[in-house]
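Spelled out from the first residue to the last, the chains are:
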Amino acid sequence: MVKFLPVIVPGTYRHQEVPILRDVAVLALDGGHAFELGVFCEVFGIDRGDDGLPAYDFAVVSATGRSVRTRHGFHLETPHGLERLESADLIGVPASDPGVRQPEELFEALRAAVRRGARVLSICSGAFLLGEAGLLDGRRCTTHWRYGEELARRYPRARVEPDVLYVDEDPVITGAGTAAGIDACLHLVRKEQGNAVAGDIARRMVAPPYRDGGQTQYVRRPDPEPGTGHLAPLLVWLEANLHRELTVERMARRANMSPRTFARRFNREIGTTPLQWLTGQRVLLAQRHLESTDEPIALVAERAGFGSVATLRHHFARYLGTTPHAYRRTFRGPREEGGRRVVPSGTALSP
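Quantities reported herein were computed from a predicted structural model and do not represent experimental measurements. (Residues numbered from 1 in each chain as written. Predicted model: local features only at pLDDT ≥ 70, side-chain atom pairs only at ≥ 80, totals over all residues. Heavy atoms only, no water.)

Colleague: Before we go on, may I ask you to explain the overall build of the chain in this structure?
Modeller: The helix and strand tally for the chain stands at 13 helices and 14 strands. Scored against the burial criterion, the 351 residues of the chain give a buried share of 46%. Considering only contacts in the chain between residues 6 or more positions apart, those separated by 24 or more positions represent 60%. (Helix = DSSP H or I, 4+ residues; strand = E, 2+ residues; numbered from the N terminus. Buried < 20%, exposed > 50% of the residue type's maximum accessible area, 1.4 Å probe, protein only. Contact = heavy atoms within 4.5 Å.)

Here it is as structure tokens:
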């Protein structure tokens, strides 16, 4: 049965009745990643009671003995074994090497925790451990974009969503790579203890309380290669003329084909339709302009062949799950001129 705890926090927080999120246990795994373990320690393992924030009963747990070797070569020691999971409201599963076999007792402890109503939250490749325990079966989930296909292959009953920053399929929450673990943890705090608590923890961490978009914006897309097929000369020309008005008919004329023959040949050689390919290349060109220049967004839209900011914004949201302004804030950032910070056009610095 889910228990509730009345929370009274001084200052701006209101009295509210929320599900208890008080007892947090985090796994220290053989081959584990220190950063992802540190995310749990930072969000839940620091007593911020002096600021009127919740204090969690926090413990780091080992399934294989007091000393655990991380993937970075150093060891962690903890007095807590798997029995500590029996009281936890939340069990954190950091990233670890999916090739390192964990003890069966750990999987059973995770299943037992979920059966009694506890939550589990994984970060990055920690999702593989949840998959091995059978906790992803029939559930939406995510992991780092590099591991999405492998997670889906190993656990075909899992519904892997490789683009999002985290997935909440209560009681199983999965976060994407590394920093997305912060997003997932703050999401849970926000869900259980309100926006004000999550926002103040984020401020203490000097982290955004919420990020827009998904993982796709962080995937480095290689520059297109023209290849050696019949259409290679056309692709080279198209890449140099993305700013022009380009229709299937115009592309077909340049390739000396009828539009229908051209569309079939393009799909066969390139693996997509001419317009889908063209839009993808224009998004990629816009990304490069946003990353490397301070040009106004309207000019970026024109140079990339979208014509208007609204059209650029539409395709950015569709392909990358974010806006051009947010993308520039993330990947361009402020620059230094004469010792002072200058904000790229169309962005704003948070106070």
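Colleague: Quick question: what am I supposed to make of empty space enclosed by the protein here?
Modeller: Gaps left between atoms show up when a probe the size of a water molecule is rolled over them. What the rule picks out here adds up to two cavities of 30 Å³ or more. The space that makes up the largest cavity amounts to roughly 70 Å³. (1 Å grid on protein atoms, 1.4 Å probe; cavity = no way out; pocket = protein on both sides within 12 Å on 5 of 7 lines; lining within 4 Å. Points joined across faces, edges and corners; volume = space filled by probe spheres on them.)

Colleague: Sorry, what's going on with unusual backbone geometry here?
Modeller: Peptide bonds are trans in most cases, and residues, glycine excluded, mostly fall at negative phi. Residue Pro171 is bonded to the preceding Asp170 through a cis peptide linkage, with omega at 15°. The phi dihedral of Asn256 falls on the positive side, at around 60°, and the residue is not glycine. Assignment of secondary structure puts Asn256 in the loop between α8 (248-254) and α9 (259-270). Judged by relative accessible area, Asn256 falls into the exposed class, the value being 72%.

Colleague: Whenever I open this one, the pattern of salt bridges confuses me. Can you help?
Modeller: Think of it this way: side chains of opposite charge can pair up when their charged atoms draw near. Enumeration over the complete set of coordinates arrives at 21 salt bridges. Here Asp57 ties to Arg84 by a salt bridge, and the two come within 3.5 Å at their closest N and O atoms. Highlighted residues: Asp57 in strand β4 (residues 57-62) and Arg84 in the loop between β6 (75-77) and β7 (90-93), separated in sequence by 27 residues. The class for Asp57 is partly exposed, based on a relative accessible area of 44%. Relative accessible area serves as the criterion here: at 13%, Arg84 is assigned to the buried category. (Salt bridge = Lys/Arg side-chain N within 4 Å of Asp/Glu carboxyl O.)

Colleague: In this structure, what is going on with the environment of Val248? I would like to understand it.
Modeller: Within the secondary structure, Val248 is located in helix α8. Along the sequence, Val248 and Leu275 sit 27 residues apart, while their C-alpha atoms lie 7.2 Å from each other.

Colleague: Would you explain the packing of aromatic side chains in this entry?
Modeller: Given two aromatic rings, one states the distance between the centres and the angle between the planes to describe the pair. On inspection of all chains with the given rule, the structure shows six aromatic pairs. Summarising the aromatic geometry, the rings of Phe44 and Tyr56 are spaced 5.2 Å apart at their centres and angled 80° between planes, so their arrangement reads as edge-to-face. Taken together, the residues Phe44 in helix α1 (residues 34-44) and Tyr56 in the loop between α1 and β4 connect sequence positions 12 residues apart. A centroid spacing of 6.3 Å and a plane angle of 75° characterise the contact between Phe128 and Tyr147, whose relative ring orientation is edge-to-face. Taken together, the residues span a long stretch of sequence, with Phe128 in helix α3 (residues 126-132) and Tyr147 in the loop between β9 (140-141) and α4 (148-154) at a distance of 19 residues. Overall, the relative accessible area of 30% leaves Tyr147 in the partly exposed class. (Phe/Tyr/Trp six-rings, centres within 6.5 Å; stacked < 30°, edge-to-face > 60°.)

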